[in-house]
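Structure assessment
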Amino acid sequence: MTTKLNTPELSRRALLKSAAAGGVTLAASATVTAGATTAAQALEKETKENPITTKQDWNQVLGDGVDANPYGKPSEYEKNVIRRSVPWLTASPESSINFTPLHELDGIITPNGLCFERHHAGIAEVDPTEHRLMINGLVDKPLVFTMEDLKRFPRTNKIYFLECAANSGMEWRGAQLNGCQFTHGMIHCVNYTGVLLKDILAEAGLKTNAKWLMPEGADASGMNRSVPIEKALKDCMVAFKMNGEALRPEQGYPLRLVIPGWEGNMWVKWLRRIEVGDMPWHAREETSKYTDLMENGKARRFTWEMDCKSIITNPSPQAPITHGKGHTVLTGLAWSGRGTIDRVDITLDGGKNWQKARIDGPSLDKALHRFYFEFEWDGRPLLLQSRAIDSTGYVQPTKDELREVRGTNSIYHNNGIQTWHVNGKGEAENVEIS
Ligand SMILES: Nc1nc2c(c(=O)[nH]1)N[C@H]1C(S)=C(S)[C@@H](COP(=O)(O)O)O[C@H]1N2
Ligand SMILES: [Mo]
């Protein structure tokens, strides 16, 4: 019996599994332990060298049943695919940021558990039955909605990106962070389900002098921003679902404002109130923060639209080329707060030669676009860049072009072209060329 158990056909996992289950066919545990290590090692060697012809755990034993994961989670082999933060960036995790692992994703949709988070006062834990949305100010009748009330308005579904205005902010004065997760990961793109803000405002009835809105969050930061009424009536949403399920607490459960194409800071989470006024409020987040200090000491303000931008996600510092020279798949993301992406160009030599990338998947207004560029790598060092052009004809600038206009005091709205240097071993590094 012990001889049988120690043949390479039975793996360590199978042994442990059956042993844990108190399997009757097993030999005395002492006997199993004695020979198990060598057998398991032999099997490991064999499967590594010839996995296609070797029996594997997963075709020898029953897998978990349908009761194992009432709410599904990724494979244990994907445990590296996580949001990450940069410890020195902020003083505390409650007023902080983490980053979407862009180099691990594909397509245009960000999975809910991987959407970057930006909180000013931590994640509010809101009971949806107690949550209310109030509309007050310059309206005919001030209203207070329950979540149930809101779900009785006509619903709409839209895929939009949300980018924090500070995305790539740490790169204003030069290359700093090694990985697209950190240089470009303050972005996510999900399918929102919700109702149009204009329908809710119509219910309250806007006064003729209604020109601005001030959405406000129910979290301890009471986040608020001034939003011009034209944008609110055009395409803003009050969303309660992302990618089909309820918003995650991190993303503003149970209700968030969606302001397509505009900077993430305005997309108020845990939305509890919208005040209607005739002038902007000049709140903290639109005066001391989220303004762009220019070289001459003046600041650009109300820079709402997110400019056209792109990033090569693979290869990149966290995702080197591991297969050596030959056929190589380069991929990345492009987006614009002003519409769709018309074209993405790729250079392998730091801008001397440009070639058109292939945009694949849907091309949706104010959503991420996925591009691919397949090429034969000769094993020589590369200087990779992508350059996006949006549906208005706007061309993504170089970082030098951007600095010429805006100086180097800024944090926000850095949409300059990113460069990765790939060495002969396929390792990538964040660099700048001029
Ligand atoms: N109530 C509230 N809303 C908020 C914030 C906040 O701290 N509180 N942060 C804002 C900022 S700066 C950004 S970039 C986005 C981030 O959204 P996310 O956490 O879903 O990625 O939410 C915005 N809405
Ligand atoms: Mo932000």
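These numbers were taken from a predicted model, which means no experiment stands behind them.

We now examine the sheet that holds strand S22 (residues 419-422). Taken in spatial order, the 5 strands make up an open sheet running S18-S17-S21-S22-S23, and their pairing is antiparallel. Every other strand in the sheet has two partners, leaving strand S18 (355-356) and strand S23 (428-431) as the edge strands with one partner each. In this structure, strand S17 (residues 341-347) lies alongside S18, joined through 2 bridges in antiparallel fashion. Its bridge partner lying in S18, Ile346 is registered against Gln355.

Turning our eyes to something else, we now look at the pattern of salt bridges. This structure, assessed with the given rule, holds 27 salt bridges. Note that Lys207 and Asp140 form a salt bridge whose closest N and O atoms lie 3.8 Å from each other. Of this pair, Lys207 sits in the loop between helix H7 (197-204) and strand S7 (212-217) while Asp140 sits in the loop between strand S3 (133-137) and strand S4 (143-145), and the two are 67 residues apart along the sequence. Lys207 sits in the partly exposed class, given a relative accessible area of 36%. A residue is classified by how much of its surface remains accessible, and Asp140, at 52% relative accessible area, is exposed. Between Arg300 and Asp292 there is a salt bridge; the shortest N-O distance is 3.0 Å. The buried category is assigned to Asp292, whose relative accessible area is 0%.

In this structure the tally under the stated criterion is 10 aromatic pairs. An aromatic cluster is defined as three or more aromatic residues linked by ring pairs; in this entry it consists of Trp212, Trp262, Phe302 and Trp304. In this structure, Lys151 is placed above the aromatic ring of Phe240, and the distance from its NZ or CZ to the ring centre is 5.2 Å. Positioned over the ring face of Trp354 is Arg387, at 4.0 Å from the centre of the ring.

We now examine the pairing of strand S16 (residues 326-335). Where burial is concerned, most of S16 is hidden: 8 out of the 10 residues are buried. When strand S15 (residues 309-314) meets S16, the two strands line up antiparallel, connected through 5 bridges. Its bridge partner being in S16, Ser310 is matched across the sheet by Ala334. Two strands pair when backbone bridges link them, and S16 and strand S20 (residues 369-377) are joined in this way by 9 bridges, in the antiparallel orientation. Among the inter-strand pairings, Ala334 is bridged to a residue of S20, identified as His369.

Take the environment of Lys425 next. Here Lys425 is to be found in the loop between S22 and S23. Lys425 gets classed as exposed once you look at its relative accessible area, which sits at 66%. Considering only alpha carbons, one finds Lys425 and Gly324, 101 residues apart in sequence, at a separation of 7.2 Å. Filtering out sequence-adjacent residues up to four positions away, Lys425 remains in contact with Ile321 and Trp377.

What follows concerns the confidence of the model for the protein chain. Confidence along the protein chain averages 92 in pLDDT terms, with 92% of residues attaining 70 or more. In the predicted structure, residues 1-34 sits below a pLDDT of 50 and forms 35 contacts with residues beyond four places in sequence or in another chain.

Moving on: helix H9 (residues 399-406). Think of an α-helix as 3.6 residues a turn; residues three or four steps apart then line up on the same face. Residues of H9 that are buried include every one of Lys399, Leu402, Arg403 and Arg406, and no others. The buried residues of H9 all sit within an arc of 95° when viewed along its axis, so they share a single face. Away from its buried face by more than 90 degrees, H9 exposes Glu404 and Val405. Immediately beyond the C-terminal end of H9, within one or two residues, lies Gly407, with a positive phi of roughly 75°.

This next bit is on the site of ligand 1. In the neighbourhood of ligand 1, 22 residues make up the surrounding shell, with Phe116, His120, Asp219, Arg256 and Lys269 lying closest. Side-chain polar atom of Gln251 to an oxygen atom of ligand 1: 3.1 Å apart, as the coordinates give it. For ligand 1, whose accessible area on its own is 530 Å², the fraction buried by protein is 100%.

Conventions adopted
Residue indices begin from 1 for each chain and proceed along its sequence in written order. Written order decides the labels, with chains lettered from A and ligands numbered from 1. The predicted nature of this model means local features are confined to residues of pLDDT at least 70 and side-chain atom pairs, given and counted, to a pLDDT of 80 or more, with totals for whole chains, interfaces and linings taken over all residues. No hydrogens and no water enter the side-chain calculation; it runs on all heavy atoms of the structure. At least two bridges found by DSSP between two strands is the condition for calling them paired. Numbering of helices and strands runs from the N terminus; a helix is a DSSP stretch of H or I covering at least four residues, while a strand is a stretch of E covering at least two. We define a salt bridge as a contact between a side-chain nitrogen of Lys or Arg and a carboxyl oxygen of Asp or Glu at a distance within 4 Å. To sort residues, take the accessible area from a 1.4 Å probe on protein chains only and compare it with the maximum for the residue type: under 20% means buried, over 50% means exposed, and anything in between is partly exposed. Centres within 6.5 Å are what make two rings of Phe, Tyr or Trp a pair, Trp counting through its six-membered ring; a difference in plane orientation under 30 degrees is then read as stacked, over 60 as edge-to-face, and the rest as tilted. Charge-over-ring placement is defined geometrically: NZ (Lys) or CZ (Arg) within 6 Å of the ring centre, and within 35 degrees of the ring normal. The contact rule is simple, with two residues in contact once any of their heavy atoms fall within 4.5 Å. Each residue carries a pLDDT value, the predictor's own confidence for that position, ranging from 0 to 100. Taken from the helix axis, the directions to the C-beta atoms give the arc we talk about. Put simply, a residue is near a molecule or strand once any heavy atom of it comes within 4 Å of that molecule or strand. Definition of a polar contact: a pair of N or O atoms within 3.5 Å, with one able to donate and the other able to accept a hydrogen when the atoms are protein atoms, and with sequence-neighbouring residues admitted only if both atoms are side-chain atoms. Method for areas: the Shrake-Rupley scheme with a 1.4 Å probe, in which residue coverage is limited to the protein chains shown.

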